[in-house]
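The lines below spell out each chain.
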Amino acid sequence: MTTSPLRLRLDGAALADNWRALDAMSRPAACGAAVKANGYGLGATAVATRLAGAGCRDFFVANWAEAVELAPLGLTVSVLHGVRAEDMAIALTGIARPVLNAPEQVVRWRAAGGGACDVMVDTGMNRLGLSVEEALSGMLDGLDIDLLMSHLACADEDVAMNAAQLTAFGGLRGRTSARRLSLANSAGIGLGPDYAFDLTRPGLALYGGVPRAAMADAIRQVVTPMAQVLQRRRVPAGATIGYNATYVAPDDIDVAILNIGYADGYFRGFSGCGAASVAGAILPVLGRVSMDLVAIDISTAPELREADWVSMCFDLPGAAACSGMSQYELVTGLGDRFDRCWA
């Protein structure tokens with residue numbers, strides 16, 4: 001059996017604990033989970049199974065292909081991008097609820113005799129959703145609506161738009177047939193109980209991301225990329241490492257070449273600022289990150305040899321600050337060449 005020289009060490013207990021923490025912050029509202037983009041890159045089936053075991057009952061994916069993948073689990077799933085004409089056959093099987101986002105989708109679902117659905121209302125993001133006026137126009141009359149939803153544009157910032165969206169969405173309470181209302185994402189949970197309504201929909205924070213600094217103590221790291229050493233080498237003083245010779249060795253140094261690079265989601269932004277670790281020693285990245293290779297300084301880990309493993313320093317807030325990438329990009333960008341190993 002061929003194994004990869006890359007692993008994602010995935011902490012299932014941390015994932016479940018993060019959901020429990022967000023659930024506690026959401027109360028008395030229920031807490032769901034966004035598992036779109038293949039469970040934010042970690043594996044949607046594995047993620048959803050563990051979250052269901054922790055008590056989560058509402059799951060959100062982007063499209064119907066993602067809903068089909070989760071169907072064998074028998075979970076309550078909502079498809080955030082609604083229902084295209086091409087999706088109707090699978091949508092009418094009832095494996096998930098569409099989140100109707102536009103008048104055309106409302107007409108399509110109604111004409112097909114579709115059953116339970118959710119509805120997205122735009123309160124200022126101008127992305128997906130009916131306008132408030134459309135939602136109150138009678139367009140939704142007679143639909144079996146579970147969730148009426150909206151999405152916060154700036155929940156990770158303290159800006160006036162948050163309160164404006166809260167007011168706009170709160171004005172819809174009791175004015176449609178929807179049984180439940182949902183507004184807050186991960187950062188929205190951190191804005192306080194007024195934003196929770198009946199159900200919150202965290203994503204990033206489940207996977208170890210920290211959308212608001214005040215939430216940091218409650219969120220545990222879930223994913224750690226690990227890479228195998230391909231070669232140990234001695235680099236003499238004055239020699240350079242990597243593309244464009246951006247690193248010049250100030251002294252004779254020992255270097256390990258790792259089997260990881262930007263094709264795996266370890267981006268060029270980590271060049272010169274990223275690091276790996278082993279047995280508590282921090283091993284800085286030297287020079288440019290290549291497509292498949294990274295050089296690290298192993299002066300503080302002289303025992304490292306070919307085939308040994310190191311962990312990449314990848315707590316999401318710190319990695320984002322180092323690389324210039326968002327926490328979302330970092331976790332969803334981890335590639336298919338990793339073996340995903342759940343603990």
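Before reading further, recall that the structure is shown in the block above.
Residues numbered from 1 in each chain as written. Predicted model: local features only at pLDDT ≥ 70, side-chain atom pairs only at ≥ 80, totals over all residues. Heavy atoms only, no water.

On to the layout of surface pockets. Sizing a probe to match a water molecule and rolling it over the atoms shows the empty space that remains. In this structure, the largest pocket occupies an estimated 630 Å³ of space. The wall of the largest pocket is formed by 28 residues, among which Lys36, Met125, Arg127, His151 and Asn185 lie closest to the centre. In terms of residue class, the lining of the largest pocket is built from 16 nonpolar, seven polar and five charged. Empty space within the second largest pocket amounts to approximately 160 Å³. Along the walls of the second largest pocket sit 13 residues, with Ile241, Gly242, Ile257, Val294 and Ala295 positioned nearest its centre. (1 Å grid on protein atoms, 1.4 Å probe; cavity = no way out; pocket = protein on both sides within 12 Å on 5 of 7 lines; lining within 4 Å. Points joined across faces, edges and corners; volume = space filled by probe spheres on them. Nonpolar A, V, L, I, M, F, W, Y, C, P; charged D, E, K, R; others polar.)

Evaluated as defined, the whole model comprises 17 salt bridges. The closest approach of N and O atoms between Arg337 and Asp292, which form a salt bridge, is 2.8 Å. Of this pair, Arg337 sits in the loop between α11 (327–332) and β19 (339–342) while Asp292 sits in the loop between β16 (281–286) and β17 (294–297), and the two are 45 residues apart along the sequence. Relative accessible area serves as the criterion here: at 40%, Arg337 is assigned to the partly exposed category. A relative accessible area of 29% means that Asp292 is categorised as partly exposed. Salt bridges linked by common partners bring Asp58, Arg97, Asp118, Asp144, Asp146, Arg179 and Arg180 together as one network. (Salt bridge = Lys/Arg side-chain N within 4 Å of Asp/Glu carboxyl O. Helix = DSSP H or I, 4+ residues; strand = E, 2+ residues; numbered from the N terminus. Buried < 20%, exposed > 50% of the residue type's maximum accessible area, 1.4 Å probe, protein only.)

The next point concerns unusual backbone geometry. Residue Pro28 is bonded to the preceding Arg27 through a cis peptide linkage, with omega at 10°. Looking at the secondary structure, you find Pro28 in the loop between α1 (12–26) and β2 (30–31). Its identity as a non-glycine residue notwithstanding, Asn38 has a phi of 55°, on the positive side. You can see Asn38 is positioned in helix α2 (residues 36–40). We classify Asn38 as partly exposed; its relative accessible area is 33%.

What follows concerns the pairing of strand β11 (residues 223–235). Judged from the five bridges that link them, strand β1 (residues 6–10) and β11 form a sheet pairing that is antiparallel. Across the sheet, the residue bridging to Leu10 is Val223, located in β11. In the sheet, β11 pairs with strand β18 (residues 309–312) via three bridges, with the strands oriented antiparallel. The partner of Gln228 across the bridge, within β18, is Trp309. Sheet analysis places β11 next to strand β14 (residues 253–258), joined by six bridges and oriented antiparallel. Its bridge partner lying in β14, Val229 is registered against Leu258. (Pairing = 2+ DSSP bridges.)

Considering all chains together, one arrives at one disulfide under this definition. A sulfur-sulfur separation of 2.3 Å characterises the disulfide bridge that pairs Cys273 with Cys322. Note on the Cys273 and Cys322 pair: the S-S dihedral is about 95°, so by sign convention the disulfide is right-handed. Of the two residues, Cys273 is situated in the loop between β14 and β15 (275–278) and Cys322 in helix α10 (residues 316–323); the sequence distance between them amounts to 49 residues. On the accessibility criterion, Cys273 (36% relative accessible area) is partly exposed. Left without a disulfide partner, Cys31 is nearest to the cysteine sulfur of Cys56, which lies 6.3 Å away. The exposure class assigned to Cys31 is buried, which follows from its relative accessible area of 4%. Free of any disulfide, Cys313 has its nearest cysteine sulfur in Cys322, 9.3 Å distant. (Disulfide = S-S within 2.5 Å.)

Relative to the elements of secondary structure, Arg201 occurs in the loop between β10 (199–200) and β11. Every residue in contact with Arg201, bar those within four places of it in the chain, is listed here: Phe60, Met120, Met149, Ser150, His151, Ser182, Leu183, Ala184, Asn185 and Ser186. Separated by 2.9 Å, the side chain of Arg201 and the backbone oxygen of Ser150 make a polar contact. Looking at Arg201, its side chain comes within polar contact range of the side chain of Ser182, at 2.9 Å. (Contact = heavy atoms within 4.5 Å. Polar contact = N/O pair within 3.5 Å; in protein donor to acceptor, adjacent residues only side chain to side chain.)

What follows covers the packing of α1 against helix α3 (residues 44–54). Between α1 and α3, whose axes approach to 9 Å, the crossing angle comes to 55°. Between α1 and α3, the interaxial angle falls into the category oblique. At the point where α1 passes α3, the crossing takes the right-handed sense. Between α1 and α3, the residues in contact are Gly12, Leu15, Ala16, Trp19 and Arg20 and Val47, Arg50, Leu51 and Ala54, respectively. When grouped by side-chain class, the residues that make up the contact of α1 with α3 number six nonpolar, one polar and two charged. (Axes fitted to C-alpha atoms, helices over the stretch in contact; angles between N-to-C directions. Parallel < 35°, antiparallel > 145°, perpendicular 65-115°, else oblique. Left-handed = near helix turned anticlockwise from the far one by under 90°.)

What follows concerns the environment of Leu136. Within the fold, Leu136 resides in the loop between α7 (132–135) and β8 (145–149). Counting along the chain gives 15 residues from Leu136 to Val121, while the straight-line C-alpha distance between them is 10 Å. Dropping the residues within four chain positions of it, Leu136 is found in contact with Leu172 and Arg175.

Along the chain, Ser78 turns up in strand β5 (residues 77–79). Among the residues examined, Ser78 registers a relative accessible area of 1% and is labelled buried.

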